[in-house]
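Architecture at a glance
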Amino acid sequence: MNTSRSVAAVIIFVAALAVVPASWAAPKKHSGTITTTVDLSGYDPSGEAELWLPYPVSDRDQAITDIKVSGDFVASAVYADSTFSTPMLYARWDKGATSRKLTFSFKAERSEVIRRNFPAVEGAWNRADFAQYLGATSLGPVDGEVGKLARAITAGKTTVLDKARAIYDWTCENTYRDPKTCGCGTGDVCALLKKPGGKCVDIHSVFIALTRAAGVPSREAFGIRMGKKDVEDVSTWQHCWAEFYLPGYGWVPVDAADVRKAMLVENLKPEDAKTKEYRAYFWGGIDPYRVKLAIGRDLALNPPQPGSPVNYLMYPFARVGDRIINSLDPAGFKYSIIYTAR
């Protein structure tokens, strides 16, 4: 990972947090343009090349506008996977193409999310309607040791809200941020229960597996942080948070990973007052300095990618010939993601 970019990301993270816990007065909205530039020209031109990029859409918390796609591809379209309906931008270059470039930009206006006005009585719900948010993933089992731990954490809890809160508190207290983790982590829950250090995907994969094991529908939200300066290189600023479903209310965001990141950056102990403020804020609250890109684990891309399912779609994904390009190496891949405040 590029060290200067990592330091810049931490600075932006700290700047964002500085206004959050003290008075709950984070900016209500934040906006800017995010531009992804990909150049696959340096790879063997004898093979066909394919590229998939996460494609954000508007929802109640963000407005995505001014979308632009350009390049020298022979085909391009927006598709979605068949399980989660996660949108993705797809492009293809024929065999023999010596130039393979694409630029994708969009403007995002993101709102701070605060969802804590929970109903006194939870609504009725049908587990079958949330089957995909209650089941295991390839790296996140919901039985065995995970199920045993979930039962221990939620012992005596009878509501979805109380179970989710107990697991959120446990995750904040028993995981930690490991800055040496590659990218945002793989989210291998069994490995993480033995050594619970990682980054945002790791920490929230633990939360997701435990909540699902406890019968609470939950999912990861994959995104990217926005900068605060006029121009920022955000190529390595991907971020994952979690959401659980509260019957009769809707999806509630939580971000235990940002709690642990704040504790590391600010050298906080669990009992410190600021730690408690962060934990309170990121329970049902997330700042506006992020764009939601995708949901879903073990994705079958559209059109289908070769090989095994994709763990998650938060980085560019590409194939050239028979080779899958390393998404976690922007310089080698070769891509850049630039935020501009306009």
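What this report covers is the structure whose coordinates are included nearby. Residue indices begin from 1 for each chain and proceed along its sequence in written order. Reporting in this predicted model follows two pLDDT cut-offs: at least 70 for local features of residues, and 80 or more for side-chain atom pairs to be given and counted; totals over whole chains, interfaces and linings ignore these cut-offs and use all residues. Only hydrogens and water are set aside; all other atoms, that is, all heavy atoms of the structure, feed into the side-chain values.

**Remarks on the packing of aromatic side chains**
What counts as a ring pair is set by centres within 6.5 Å for rings of Phe, Tyr and Trp (its six-membered ring), and what kind of pair is set by the plane angle: stacked under 30 degrees, edge-to-face over 60, tilted for all other angles. Under the counting rule described, the total for this entry stands at 19 aromatic pairs. Aromatic pair Trp52 and Phe317: ring centres 5.6 Å apart, planes at 65 degrees, arrangement edge-to-face. Of the two residues, Trp52 is situated in strand 2 (residues 49-54) and Phe317 in strand 16 (residues 317-320); the sequence distance between them amounts to 265 residues. Assigned by exposure class, Trp52 and Phe317 land together as buried. Each ring, one from Tyr281 and one from Phe282, has its centre 5.1 Å from the other, and the planes form 85 degrees; the classification is edge-to-face. Exposure remark for Tyr281: the relative accessible area of 0% places this residue in the buried category. An aromatic cluster of at least three residues, connected via ring pairs, comprises Phe84, Trp125, Phe130, Tyr133, Tyr245 and Trp251. Its guanidinium or amino end placed over the ring of Trp251, Arg219 lies 3.8 Å from that ring's centre, counting from NZ or CZ. In this scheme, Lys NZ or Arg CZ marks a charge over a ring once it lies within 6 Å of the ring centre and within 35 degrees of the ring normal. Looking at Arg290, its charged tip hangs above the ring of Trp241, at a distance of 4.8 Å from the centre. Comment: elements are numbered from the N terminus, with helices defined as DSSP H or I runs of at least four residues and strands as E runs of at least two. Each residue gets one of three labels from its accessible area relative to the maximum for its type: buried under 20%, exposed over 50%, partly exposed in between, using a 1.4 Å probe on protein chains only.

**Structural notes on the sheet that holds strand 10 (residues 218-225)**
Any two strands with at least two DSSP bridges between them are considered paired. Spatial ordering of the open sheet is given by 13-12-10-15, a layout of four strands whose pairing is antiparallel. Only two strands of the sheet have a single neighbouring strand rather than two, namely strand 13 (250-254) and strand 15 (290-295). Adjacent strand axes in the sheet meet at a mean angle of 40 degrees, parallel and antiparallel pairs treated alike. Relative to the sheet, helix 3 (residues 160-174) contacts strand 12 (238-246) and strand 13, its axis offset from that of strand 12 by approximately 150 degrees. Angles shown run from 0 to 180 degrees and are taken between the N-to-C directions of axes, each axis being a line fitted to C-alpha atoms and, for helices, limited to the stretch in contact. Should any heavy atoms of two residues lie within 4.5 Å, those residues are considered in contact.

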